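# Residue-level structural notes
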Amino acid sequence: MLAAVMAGATVTLAHAGDVTKADSAAIKQGIAEGKEVHLSGEIVQHLKDDHYLLRDTAGTIEVEIDDDLTNDQALQNGTRLDITGEVDHDDGRTLVEVD
């Protein structure tokens, strides 16, 4: 997977389960905490550690991607992601956690 990230290809990070296809706006506007969502977009900013800002067609959302999934390498701006993760509403902000 790391080779694909370095080459600028779209990276898919997903797992099985009951998943809702959503965009950043829908997630922020009311998808319940703990719900599994699927979204696609592009990394536009590395925020800290394993936190990134993902832009899709509806806006931006913070995503937390487990370091094990990226071999402890930071994702580059412009990396396209196709991810499935869990919605987390925490301290007034919404993010998607990808484990």
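Note that this is a predicted model, so its numbers are computed, not measured. (Residues numbered from 1 in each chain as written. Predicted model: local features only at pLDDT ≥ 70, side-chain atom pairs only at ≥ 80, totals over all residues. Heavy atoms only, no water.)

## Some points on the nonpolar core
- Membership of the largest hydrophobic core comes to 17 residues, with the highest contact counts inside it found for Ile27, Val37, Leu39, Val63 and Val96.
- Secondary structure elements with two or more residues in this core: strand S3 (36-48), strand S4 (51-56), strand S5 (59-65), strand S6 (80-90) and strand S7 (93-98). (Core = buried A, V, L, I, M, F, W, Y, C linked by side-chain atoms within 4.5 Å. Buried < 20%, exposed > 50% of the residue type's maximum accessible area, 1.4 Å probe, protein only. Helix = DSSP H or I, 4+ residues; strand = E, 2+ residues; numbered from the N terminus.)

## Looking at the environment of threonine 70
- Looking at where threonine 70 falls in the secondary structure, it is placed in the loop between S5 and S6.
- Between the C-alpha atom of threonine 70 and that of aspartate 50, which follows or precedes it by 20 residues, the distance is 9.1 Å.

## Here we look at the pairing of S6
- Taken together, the 7 bridges between S3 and S6 define a ladder with antiparallel strand orientation. Its bridge partner lying in S6, glutamate 42 is registered against arginine 80.
- When S6 meets S7, the two strands line up antiparallel, connected through 5 bridges. Among the inter-strand pairings, aspartate 88 is bridged to a residue of S7, identified as leucine 95. (Pairing = 2+ DSSP bridges.)

## Remarks on the confidence of the model for the chain
- Confidence in the prediction for the chain averages 86 pLDDT; 83% of positions are at 70 or higher.
- Counting interchain partners and residues more than four positions distant, the pLDDT-below-50 stretch residues 1-7 has 11 contacts. (pLDDT = per-residue confidence, 0-100. Contact = heavy atoms within 4.5 Å.)

## Examining the pattern of salt bridges
- Here the structure, examined in full by the defined rule, presents 3 salt bridges.
- The shortest N-O distance in the salt bridge between aspartate 18 and lysine 35 comes to 3.5 Å. Pair noted here: aspartate 18 is in the loop between strand S1 (11-13) and strand S2 (19-21) and lysine 35 is in the loop between helix H2 (24-28) and S3, with a separation of 17 residues, a long-range link.
- Given the relative accessible area of 27%, lysine 35 is considered partly exposed.
- One salt bridge connects arginine 93 with glutamate 62, and the closest N-O pair in it is separated by 3.1 Å. Separated by 31 residues along the polypeptide, arginine 93 in strand S7 and glutamate 62 in strand S5 bring together distant segments of the chain.
- Residue class for arginine 93 comes out partly exposed when judged on its relative accessible area of 32%. (Salt bridge = Lys/Arg side-chain N within 4 Å of Asp/Glu carboxyl O.)

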